[in-house]
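# A closer look at the structure
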4 protein chains.
Amino acid sequence: MIPMIFASDNWAGAHPAISENLAAHVHGYVSAYGTSELDRKVEERLSEIFERDVAVFFVGTGTAANALALASTNRAGGIAFCHREAHVNVDECGAPEFFSHGARLCPVDGARGKMDAARLEAEIRRFPPDVVHGGQPMAVTLTQATESGTVYSLAEIEAVASIAKSHKLPLHMDGARFANALVSLDTTPAEMTWKRGVDLLSFGGTKNGCWCAEALILFDPAKTHEMHFLRKRAAQLFSKSRFIAAQFDAYLKGDLWLDLARHANSMARRLAEGIAASAVSRLAWTPGANEVFVILKRDVAARLEEQGAVFYDWPAPQDLAASLAADEGLYRLVTSFATRADEVDQFIAAC
Amino acid sequence: MIPMIFASDNWAGAHPAISENLAAHVHGYVSAYGTSELDRKVEERLSEIFERDVAVFFVGTGTAANALALASTNRAGGIAFCHREAHVNVDECGAPEFFSHGARLCPVDGARGKMDAARLEAEIRRFPPDVVHGGQPMAVTLTQATESGTVYSLAEIEAVASIAKSHKLPLHMDGARFANALVSLDTTPAEMTWKRGVDLLSFGGTKNGCWCAEALILFDPAKTHEMHFLRKRAAQLFSKSRFIAAQFDAYLKGDLWLDLARHANSMARRLAEGIAASAVSRLAWTPGANEVFVILKRDVAARLEEQGAVFYDWPAPQDLAASLAADEGLYRLVTSFATRADEVDQFIAAC
Amino acid sequence: MIPMIFASDNWAGAHPAISENLAAHVHGYVSAYGTSELDRKVEERLSEIFERDVAVFFVGTGTAANALALASTNRAGGIAFCHREAHVNVDECGAPEFFSHGARLCPVDGARGKMDAARLEAEIRRFPPDVVHGGQPMAVTLTQATESGTVYSLAEIEAVASIAKSHKLPLHMDGARFANALVSLDTTPAEMTWKRGVDLLSFGGTKNGCWCAEALILFDPAKTHEMHFLRKRAAQLFSKSRFIAAQFDAYLKGDLWLDLARHANSMARRLAEGIAASAVSRLAWTPGANEVFVILKRDVAARLEEQGAVFYDWPAPQDLAASLAADEGLYRLVTSFATRADEVDQFIAAC
Amino acid sequence: MIPMIFASDNWAGAHPAISENLAAHVHGYVSAYGTSELDRKVEERLSEIFERDVAVFFVGTGTAANALALASTNRAGGIAFCHREAHVNVDECGAPEFFSHGARLCPVDGARGKMDAARLEAEIRRFPPDVVHGGQPMAVTLTQATESGTVYSLAEIEAVASIAKSHKLPLHMDGARFANALVSLDTTPAEMTWKRGVDLLSFGGTKNGCWCAEALILFDPAKTHEMHFLRKRAAQLFSKSRFIAAQFDAYLKGDLWLDLARHANSMARRLAEGIAASAVSRLAWTPGANEVFVILKRDVAARLEEQGAVFYDWPAPQDLAASLAADEGLYRLVTSFATRADEVDQFIAAC
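Residue positions are given per chain, counted from 1 along the sequence in the order it is written. Each chain is given a letter, starting from A, and each ligand a number, starting from 1, according to the order in which they appear as written. Under the rules for a predicted model, residues below a pLDDT of 70 receive no local features and side-chain atom pairs below 80 are neither given nor counted, while totals for whole chains, interfaces and linings still include all residues. The side-chain numbers reported here are obtained from all heavy atoms of the structure, hydrogens and water having been left aside.

Rule in force here: UniProt positions are given in the numbering used here, feature names are shortened, and annotations may be inferred rather than shown by experiment.
Per an unreviewed UniProt entry, chain A carries the name L-threonine aldolase and comes from Sinorhizobium americanum. Of chain A, the UniProt comment under Subunit (unreviewed entry) reads exactly: "Homotetramer."

### Overview of the overall build of chain A
To keep it simple, the criterion reads: Numbering of helices and strands runs from the N terminus, with a helix taken as a DSSP run of H or I at least four residues long and a strand as a DSSP run of E at least two residues long. Atoms counted for the radius of gyration: C-alpha only. Globule rule: 2.2 Å times the number of residues to the power 0.38. Only protein chains enter the accessibility calculation, which uses a 1.4 Å probe; a residue is then buried when its area is under 20% of its type maximum, exposed when over 50%, and partly exposed in between. Note on contacts: a residue pair qualifies if any of its non-hydrogen atoms lie within 4.5 Å across the two residues. Each accessible area is a Shrake-Rupley result for a 1.4 Å probe, and residues are judged covered by the shown protein chains and nothing else. Charge counting treats Lys and Arg as positive and Asp and Glu as negative, with His and both chain ends excluded. Note that the charge is assigned to NZ on lysines, CZ on arginines, CG on aspartates and CD on glutamates.
The helix and strand tally for chain A stands at 15 helices and 13 strands. The C-alpha radius of gyration computed for chain A amounts to 20 Å, which stays within 12% of the reference 20 Å derived for 351 residues, consistent with globular compactness. Across the 351 residues in chain A, those meeting the buried criterion constitute 64%. By sequence separation, contacts in chain A at least 24 residues apart represent 76% of the contacts at least 6 residues apart. As presented, chain A carries roughly 11,700 Å² of accessible surface, and 52% of it is formed by carbon and sulfur atoms. Averaged over its 34 positive side-chain charges, chain A has a centre that lies 3 Å from the centre of its 43 negative ones.

### A word on the relation of the copies chain A and chain B
Rule in force here: A least-squares fit on C-alpha atoms brings the copies together, and the residues used are those whose pLDDT is at least 70 in both copies.
When chain A is fitted to chain B, the residual RMSD is 0.0 Å, and the transformation amounts to a turn of 180 degrees plus an axial shift of 0.0 Å. Seen this way, the second copy is the image of the first under a two-fold rotation axis. Taking C-alpha positions as reference, the residue of chain A nearest the rotation axis is Gly 60 of chain A, located at 3.3 Å. Most of the interface of chain A is mirrored in chain B, where 100% of its interface residues are also at the interface.

### Observations concerning the domain arrangement of chain A
Many structure descriptions define interface size as the accessible area lost when the parts assemble. Residue and element names in this part refer to chain A. So the rule is basically this: Where each domain begins and ends follows an automated or database-derived domain assignment. A quick way to say it: buried area is the sum, across both parts, of accessible area lost when two parts are put together, with a 1.4 Å probe. The rule for a salt bridge is simple: a side-chain nitrogen of Lys or Arg has to be within 4 Å of a carboxyl oxygen of Asp or Glu.
Taken domain by domain, chain A consists of domain 1 (4-11 + 257-350) and domain 2 (16-255). With centres defined by C-alpha atoms, the gap from domain 1 to domain 2 works out at 27 Å. Taken together, the contact pairs 25 residues of domain 1 with 26 residues of domain 2. Summed over both partners, the interface of domain 1 with domain 2 comes to about 2,100 Å²; 53% of that surface belongs to carbon and sulfur atoms. Our enumeration of links across domain 1 and domain 2 arrives at 3 salt bridges. Between Asp 9 and Arg 177 there is a salt bridge, with the nearest N and O atoms lying 2.7 Å from each other.

### Here's the deal with the UniProt feature "domain: Aromatic amino acid beta-eliminating lyase/threonine aldolase" (unreviewed entry) in chain A
In this structure's numbering, the residues bearing the UniProt feature "domain: Aromatic amino acid beta-eliminating lyase/threonine aldolase" (unreviewed entry) are residues 6-282 of chain A. Within residues 6-282 of chain A, the helical portion is 43% and the strand portion 15%, while the C-alpha atoms at the span's ends are 17 Å from each other.

### Topic: the packing of aromatic side chains
Residues and elements named next belong to chain A. Stated formally: Centre distance within 6.5 Å is the pairing criterion for rings of Phe, Tyr and Trp, where only the six-membered ring of Trp is used; planes under 30 degrees apart are then read as stacked, over 60 as edge-to-face, and the remainder as tilted.
If you walk through the whole model with that rule in mind, you get 82 aromatic pairs over all chains. Where Phe 203 meets Phe 248, the ring centres are 6.0 Å apart and the plane angle is 35 degrees; that geometry is what we call tilted. Of this pair, Phe 203 sits in strand β7 (residues 200-204) while Phe 248 sits in helix α11 (residues 242-252); the two residues are 45 residues apart in sequence, bridging distant segments of the chain. A relative accessible area of 1% means that Phe 203 is categorised as buried.

### Describing the interface of chain C and chain D
Applied cut-off: We call two N or O atoms a polar contact when they sit within 3.5 Å, provided that within protein one can donate a hydrogen and the other can accept it, with sequence-adjacent residues counted only if both atoms are side-chain atoms. Under the scheme applied, nonpolar residues are Ala, Val, Leu, Ile, Met, Phe, Trp, Tyr, Cys and Pro; charged residues are Asp, Glu, Lys and Arg; polar residues are all the others, including Gly.
Between chain C and chain D, the contact holds 54 residues from the first and 55 residues from the second. Note on chain C versus chain D: buried area summed over both sides is about 4,400 Å², and carbon and sulfur give 66% of it. Scanning the region where chain C abuts chain D turns up 0 salt bridges. Counting across the interface, chain C meets chain D through 24 residue pairs in polar contact (both at pLDDT 80 or more). Listing elements by their share of the side of chain C that touches chain D, those giving two or more residues are α1 (16-24), α3 (62-71), α5 (95-99), α10 (224-233) and α11 (242-252) of chain C. Element by element, the count of residues in the side of chain C that touches chain D is highest for α1 of chain C, at 4 residues. Grouping the amino acids of the side of chain C that touches chain D by side-chain chemistry returns 29 nonpolar, 17 polar and 8 charged.

### Observations concerning the sheet that holds strand β2 (residues 55-59) of chain C
Think of a sheet as strands paired side by side through backbone hydrogen bonds, with each pair either parallel or antiparallel. All names here are of chain C. To keep it simple, the criterion reads: We treat two strands as partners when DSSP finds at least two bridges between them. Structural elements are reduced to axes, namely lines fitted to C-alpha atoms, with helices fitted over the stretch in contact, and the angle between N-to-C directions of any two is expressed from 0 to 180 degrees.
Taking strand neighbours across the sheet as the criterion, the 7 strands line up as β2-β8-β7-β6-β5-β3-β4 in an open arrangement whose pairing is mixed. Each end of this open sheet is capped by a strand with a single partner; those strands are β2 and β4 (104-108). Neighbour-to-neighbour, the strand axes of the sheet open up by a mean angle of 25 degrees, direction not taken into account. Taken together, the 4 bridges between strand β6 (residues 171-175) and strand β7 (residues 200-204) define a ladder with parallel strand orientation. Residue pairing for β7: Met 173 is matched across the bridge by Leu 201. Across the sheet, helix α2 (residues 37-50) is in contact with β2, β7 and β8 (214-218); its angle to β2 comes to roughly 125 degrees.

### A look at the interface of chain A and chain B
Taken together, the contact pairs 55 residues of chain A with 55 residues of chain B. Summing both partners gives a buried area of about 4,400 Å² for chain A against chain B, and 65% of it is carried by carbon and sulfur. On the chain A side of the contact with chain B, Tyr 29, Trp 211 and Lys 240 of chain A bury the most area, a combined 21% of that side's loss. Counting the contacts that link chain A with chain B gives 0 salt bridges. The tally of links from chain A across to chain B stands at 25 residue pairs in polar contact (both at pLDDT 80 or more).

### Points about the relation of the copies chain C and chain D
Superposing chain C onto chain D takes a rotation of 180 degrees plus a shift of 0.0 Å along the axis, which leaves an RMSD of 0.0 Å. Most of the interface of chain C is mirrored in chain D, where 100% of its interface residues again form contacts.

### Let's talk about the packing of helix α8 (residues 178-185) of chain C against helix α12 (residues 256-277) of chain C
Residue and element names in this part refer to chain C. Note the cut-off: Any angle from 65 to 115 degrees is called roughly perpendicular, while one under 35 is roughly parallel, one over 145 is roughly antiparallel, and all others are oblique.
Orientation of α8 relative to α12, taken along the N-to-C sense of each, is 80 degrees, at an axis distance of 8 Å. The orientation of α8 with respect to α12, classified from their angle, is roughly perpendicular. Listed contacts from α12 to Phe 178, Ala 179, Asn 180, Leu 182, Val 183 and Ser 184 of α8 are Trp 257, Leu 258, Ala 261, Arg 262, Ala 264 and Asn 265. Tallied by class, the residues present in the contact of α8 with α12 amount to 8 nonpolar, 3 polar and 1 charged.

### Some remarks on the side chain of Lys 207 of chain C
Residues and elements named next belong to chain C. By the element assignment, Lys 207 lies in the loop between β7 and β8. Buried within the structure, Lys 207 lacks any salt-bridge partner; its nearest side chain of opposite charge belongs to Asp 9, at an N-O separation of 4.1 Å. With sequence-adjacent residues up to four places away left out, Lys 207 is seen in contact with Asp 9, Asn 10, Ala 176 and Arg 177.

### Brief notes about the packing of α12 of chain C against helix α15 (residues 341-350) of chain C
The angle between the axes and the distance between the axes are what describe a pair of packed helices. Residues and elements named next belong to chain C. Filter applied, for reference: We call a crossing left-handed when the near helix sits turned anticlockwise from the far one by less than a right angle, and right-handed when that turn is clockwise.
Here α12 crosses α15 at 15 degrees, and the two axes come no closer than 10 Å. Here α12 lies roughly parallel to α15, going by the angle between them. Along this stretch, α12 crosses α15, giving a crossing that reads as right-handed. Across the interface between the two elements, Met 267, Arg 270, Leu 271, Gly 274 and Ile 275 from α12 touch Ala 341, Val 344, Asp 345, Phe 347 and Ile 348 from α15.

### Things to note about unusual backbone geometry
Cis geometry is found at the peptide bond from Gln 144 of chain A to Ala 145 of chain A, where omega equals -10 degrees. Here Ala 145 of chain A is to be found in the loop between β5 (136-143) and α7 (154-166). For His 101 of chain A, which is not a glycine, the phi torsion comes out positive at approximately 60 degrees. Of note, His 101 of chain A is situated in the loop between α5 (95-99) and β4 (104-108). The phi angle at Glu 51 of chain D is positive, at roughly 60 degrees, despite the residue not being glycine. Within the secondary structure, Glu 51 of chain D sits in the loop between α2 (37-49) and β2 (55-59). For Glu 51 of chain D, a relative accessible area of 45% gives the class partly exposed.

### Here's the deal with the pairing of β4 of chain A
Both strand β3 (residues 78-83) of chain A and β4 of chain A contribute to a ladder of 5 bridges, which runs parallel. Residue pairing for β4 of chain A: Cys 82 of chain A is matched across the bridge by Pro 107 of chain A.

### So, helix α10 (residues 224-233) of chain A
Residues and elements named next belong to chain A. Burial analysis of α10 places 7 of its 10 residues in the buried class, the great majority of the element. Looking at α10, one finds that the buried residues are Thr 224, Met 227, Phe 229, Leu 230, Arg 231, Lys 232 and Arg 233. Downstream of α10 by a residue or two, Ala 235 has a phi angle that is positive, lying close to 65 degrees.

Given below as structure tokens:
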């Protein structure tokens, strides 16, 4: 039986190369709490990849990376601007607010998961710096690839960054699907981040083939000292840190991470093409990375689920909701490094 | 060259059986965020081990388990009572306070890492429930085995618990070295915890042969619902939770965890006996688990370090400090599942 | 020169009867921190007024009362539902989130400052109790009178309360302008609060003729113990608490508070009638208490300000914005216990 | 009947000049939230008094001033050093920790309420800046006059400040009894604060004759912007701020504040002399300001209380406890601006 699991990229296991590298580091003593040679090696590799010295903080979850990034920008009555559908805003149970001692997320609208630059500007302007009642802006955060499976172009990132800079706000990128976006744009990590004005990056490995490997990357070395304490206080400093380092070591070696992302994206394209060609389904919008949003009749969706397919209902954005028929729903399908072509083909056939 | 690494049990890697089980679960899709069959299986196994239904929350670090446990007992102006040298008090960078929104730890004295019951009672009484100025007691937490490598007897746990209960305070046990204490007492998990009055347990696997496997165990089901949100908000809900479950699965299978702890403890005893027999060193006190505290002349310690031995200086408790010669220091040596007899013997010989 | 100050009811001073009662309590020793006879007397008077035993907590600001009320309902990842324009949401600089350790406010839409009951229900349903990712509902808070100067009818309060109850959520009322709403509805404090399902009340005196007198009133005695610690920890327990008690003592004596509110409301009606009758201005909507929202041409507004009138621009709600001419703006005018009829008349004349 | 109330200086009411000035500002409209002319005038007066530009933040309680001061120095895992018996450590129900998001207070010992400089240095050194586990120093706070009624000399303040500076830590002074200490030292506000290295000051008026008038004073203008938001978020920005300003206006006029403090101190001296001369009582130590610590037989204390005297039992510091007889206790007597000589004399006679 061929599985048809498109629930999430975190339903996959780990890539064998990563698993094998973990096993290779099972023996022997190394110093704890992120001070081992392997930790250093991975940090250096990331500096190479980003074409400059970066400070790297391994953490256990993407939520931790995001919440710590925002915590480091904290101000009293602080407000971080994000897309309305951003993971920080809808899927982290208040972790960003908790880590930031009650700072607030201000949702910004924009089509298909991307903040509209003009709306962002307008939202920030609602909080003039000399008016104490509403609070004060503290950061802007964007998600790349977005929760809608789209990808900010370099120019779009720059547009957001320039608004952030004009208000002296740091810019964070939630890169839970960083690799998928990167290969989609066919650009370099440096171009997609600090060269465009990104100050802090949640660099995700888990969804793209690791067991549990997330890193918070700081492009501003002035924040490094405080982040060590923020991470430790947040219970995110792992004693056997090498187990995260070993994953990243294999992940980054020989550009495995890019290959895995290319595979996931190509599976998404295959899925999208099949859906677009089908009589009973249509694409909600063109996927940019490894998430495909599909409009299906509800009975078709139910039938697919009966046949073993797993995927999620998704709340339709307002502009799309109007164009859905009463018996139609929006569904999200996610591919990963582990998705096989025959899974996709069987799903298309089952449609 | 034989290593002589006694720095900490977290300098070791992982036991092969645990590593192999991880690799065995590398393939295939399973549902995320702690909902897989493997997660359920481990929870059931822990209920078996504890001889009652328990709620199990996997987290990434021992600090997370401790801080979440205390957070679940939170009150405004709350005060948690712990030994002065407890890990929560000296080694967690304020995580318990942060997770508990500013609750305070009140250190309690007592010889060799164990809270003195009378001192605990006296400290709690400093905060009468109807006086608002000083804050209000919220929890008691003890460490088993202690940071001094000693072990509370069952009667001692019960004494602490009965004080906690008489003030209606929940009792938490930091079991980062739970297995080491358990085999040292030759008792059962149930006897050492809820049968003695423990309400929440940080059940550690990392120091005893896992990569990264910690669980917060609640004996009071009324706290379960809130803990799900506390853990998620603290960024401690892992998407690929099976990677923790797989470790615990192997760890608990066929009582591997007890065997590993017995080995570590026996290596500590071997070390202790060698030290006691040596002309140039003496035991600071009798070890109860896998930590040995030794008094060495500083030049002897320096020479051992030159020969490759790794171990830490330790701040001497006040009563001991008085009995140290000017050229002597207190040192901590920790054994683990990975410690070999020849390491111990070489260290003794090097003395 | 007659002033035309309609900026806010907090630009007024204090009513002479209140000021005189303060002076009457200037001498002599009384016990501190809210334990004096006068404190007790005011608490009893409030129990009389509310027709049941209530727990009363004096605090210094309305923001403190609101933030403490929400803090007492706190859950991990908690979400409090309020109107989008509520004071807690737009004018308290994140105090509710800070006091609640990062709990979140979820804005609910509805015309003229009142939450639409169906929208409230829909927003709460976005957070099913068994899904951890989005957080969990913790409270509903409504403002009476609203920030738009309207008043919830008793049936409207009950509708909101019944939704809150059906989700087991406590209901808070921000009564910064409680008296103005009460006399507008011509009902009793009990009818407008606990008889309709309100659990916690911010009972404001400052805007209605006190210097600084706010009280948090709890209808659920089970919350009283914890609130003492919450208030103290929030630095809101005043040592010379009698100075707040003395204000409330005079405020509540002989129903002065109701007389003051009736006066402010009648001045608002006089203002509204004059504006409605004027050729150059119109009412944005009918005022329910002591705030009047007016549509003026911008040059008329500027001319009035030159003549000494003080009032604020107000962001137009979306439905109204569409009906404004390009040269028109929305303005808020607030009356108070201190507003004189000749001020109102002169303002109308100046229009 | 002559009262004998020595419970606390906050049992007194308000000085008539302050009460009258409040009444004088009862009428008329002024702009709210600390922006009135009277607010400005008081700020300028304080700049005059401190011989430099200072930023002034009125707040409602001394606890608020202290907690906001420490919050402004906040770091992750931060530790503020204070005397073991400091008000922040024993009487503020965790407000400093709450406002600082879980920062910790580290008690420093020292005789009679004053931190011992060498102990302070030793405590700070326990937290080396590159070790993440224990947390990081963030501030030093001293109390002037101390909770033991003693006063740091200028040289002693400087000694503490120089240690703080050498660790790059800001120095806060809790001046709940600032005036009492100032007149005791017969120095100037500038000399006792910023000229000695104090960066933030809680400037108390309440205990010395105001109803409710506390100010947080910042000597470092770089912190001013953030403090506006910290204060507002903490619900400590009063809408009718003029009611605090009016108190300070009268308090500072013609050096009333110094006269009131001189009176309170002289009453304390009169009390101390009487006690020293009595056969049944003795001074625990020489008072420096307006608090007198007395050793009485418990039955004498009970008899005095029966005769109407009010004063508190006080926990004896360890060094003193040893010298107390079994039937003796330590008691605190506080004088204030309102204490009359005949009260003191009657108390002495009653002894």
